[in-house]
Amino acid sequence: MSDIMTPMPFGQLLDWILTEHKKSGTVFGERKAYVVNEKNNRTIFGRNLETPLGPAAGPNTQLTQNIVAAYYTGSRFFELKTVQVMDGAELAACINKPCIVAEDECYNCEWSTELYVPQAMEEYIKAWFLLKVLSKEFGLGSPDGFQFNISVGYDLAGIKSEKIDNFLNTMKEAKDSEVFQSCKQYLLDHIDLFENVTKEDIEAINSDICNSVTISTLHGCPPQEIERIAMHLITEKDITHLLNVIQPC
């Protein structure tokens, strides 16, 4: 098995999901689908959330298919894998493999997404579209019953870089991005693949993907730096729903 993550085309993922589900009732090998119980509904960050459960940022929220599998089994809040200015091959050279250290207590020594930042963004937007249509197609819940939370790090200079700034802007409002338009058009062009999803459902998919951000910093990060990052996100990026997590270094 390769240690390099390779994204799959949107159409291939959709075909895989629908074909597998029709043939065996599973999605990416997951056999037990979670169907929402409305009594668990709540509101967080001004949006509906069907269950207060979901994966934290990690390898499990890097690729589209992992996010889909998590949704299928009941996750509704997704902290997407952290992005930072150092990415792709540059980051891969710094990461120990495997990325779990178990000499004493286990912890993940991986940093941020191993994809390039634009690739990571595409994976998240592809997953956004798939969850929207699969929720309706398989009767799992509301297309607006889940939330994505983006994670950025690890210092203010990196977060203000053009690469991360573009990522933040697009995840806040993705309608003009190539990947958003491409996924939407693919679904419209292949509406015949669905039994329960209509053209109106696809047209209604919202493009304001994230309204919350997790600030990811390393141990030893000065509190003043965390405060500066928070103020930048609040005042310059107009993101007021913030979480903070400190990564091991």
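The structure reproduced in this document is the subject of the present report.

In this section: the side chain of Glu79. Structurally, the position occupied by Glu79 is in strand 3 (residues 77-79). Summary of buried charges: Glu79 has no salt-bridge partner, and the nearest side chain of opposite charge, Lys81, is 8.4 Å away. At 3.1 Å, the side chain of Glu79 forms a polar contact with the backbone nitrogen of Ala57.

Attention now goes to the side chain of Glu20. Looking at where Glu20 falls in the secondary structure, it is placed in helix 1 (residues 10-24). Buried within the structure, Glu20 lacks any salt-bridge partner; Arg31 is the closest side chain of opposite charge, at an N-O distance of 7.5 Å. Every residue in contact with Glu20, bar those within four places of it in the chain, is listed here: Gly25, Thr26, Val27, Phe28 and Gly29.

Another aspect to go through is the packing of helix 4 (residues 117-137) against helix 6 (residues 162-172). Where helix 4 contacts helix 6, the two axes come as close as 10 Å, and the packing angle between them is 10°. Between helix 4 and helix 6, the crossing angle belongs to the class labelled roughly parallel. The interaxial crossing formed by helix 4 with helix 6 has right-handed handedness. Counting all contacts with helix 4, which are made through Val117, Met121, Tyr124 and Ile125, the residues of helix 6 involved are Lys163, Ile164, Phe167, Thr170 and Met171. Split into classes, the residues belonging to the contact of helix 4 with helix 6 amount to 7 nonpolar, 1 polar and 1 charged.

This part covers the pairing of strand 7 (residues 212-218). Counted residue by residue, strand 7 has 6 buried out of 7 residues, so it is predominantly covered. Sheet topology places strand 6 (residues 147-152) next to strand 7; 3 bridges connect them, and they run parallel. Looking at the pairing, Ser151 lines up with Thr214 of strand 7.

Counted according to the given criterion, the structure contains 8 salt bridges. Salt-bridge contacts for Arg47 lead to Asp208; the nearest nitrogen and oxygen are separated by 3.4 Å. Separated by 161 residues along the polypeptide, Arg47 in strand 2 (residues 47-49) and Asp208 in the loop between helix 8 (199-203) and strand 7 bring together distant segments of the chain. Taking relative accessible area as the criterion, Asp208 reaches 31% and is therefore assigned partly exposed.

In the contact formed by helix 4 and helix 7 (residues 178-189), the axes pass within 9 Å of each other and the chain directions differ by 30°. As summarised for this structure, helix 4 and helix 7 are arranged roughly parallel, according to the angle between their axes. Where helix 4 crosses over helix 7, the handedness of that crossing is right-handed. Judged by residue contacts, Glu122, Ile125, Lys126, Phe129 and Val133 of helix 4 engage Val179, Phe180, Cys183, Lys184 and Leu187 from helix 7. Classifying every residue of the contact of helix 4 with helix 7 by side-chain character gives 7 nonpolar, no polar and 3 charged.

Scoring rules and cut-offs
- Residues numbered from 1 in each chain as written.
- Predicted model: local features only at pLDDT ≥ 70, side-chain atom pairs only at ≥ 80, totals over all residues.
- Heavy atoms only, no water.
- Helix = DSSP H or I, 4+ residues; strand = E, 2+ residues; numbered from the N terminus.
- Buried < 20%, exposed > 50% of the residue type's maximum accessible area, 1.4 Å probe, protein only.
- Lys, Arg positive; Asp, Glu negative; His and termini not counted.
- Salt bridge = Lys/Arg side-chain N within 4 Å of Asp/Glu carboxyl O.
- Polar contact = N/O pair within 3.5 Å; in protein donor to acceptor, adjacent residues only side chain to side chain.
- Contact = heavy atoms within 4.5 Å.
- Axes fitted to C-alpha atoms, helices over the stretch in contact; angles between N-to-C directions.
- Parallel < 35°, antiparallel > 145°, perpendicular 65-115°, else oblique.
- Left-handed = near helix turned anticlockwise from the far one by under 90°.
- Nonpolar A, V, L, I, M, F, W, Y, C, P; charged D, E, K, R; others polar.
- Pairing = 2+ DSSP bridges.

No statement about biological role is implied by the geometric values presented.
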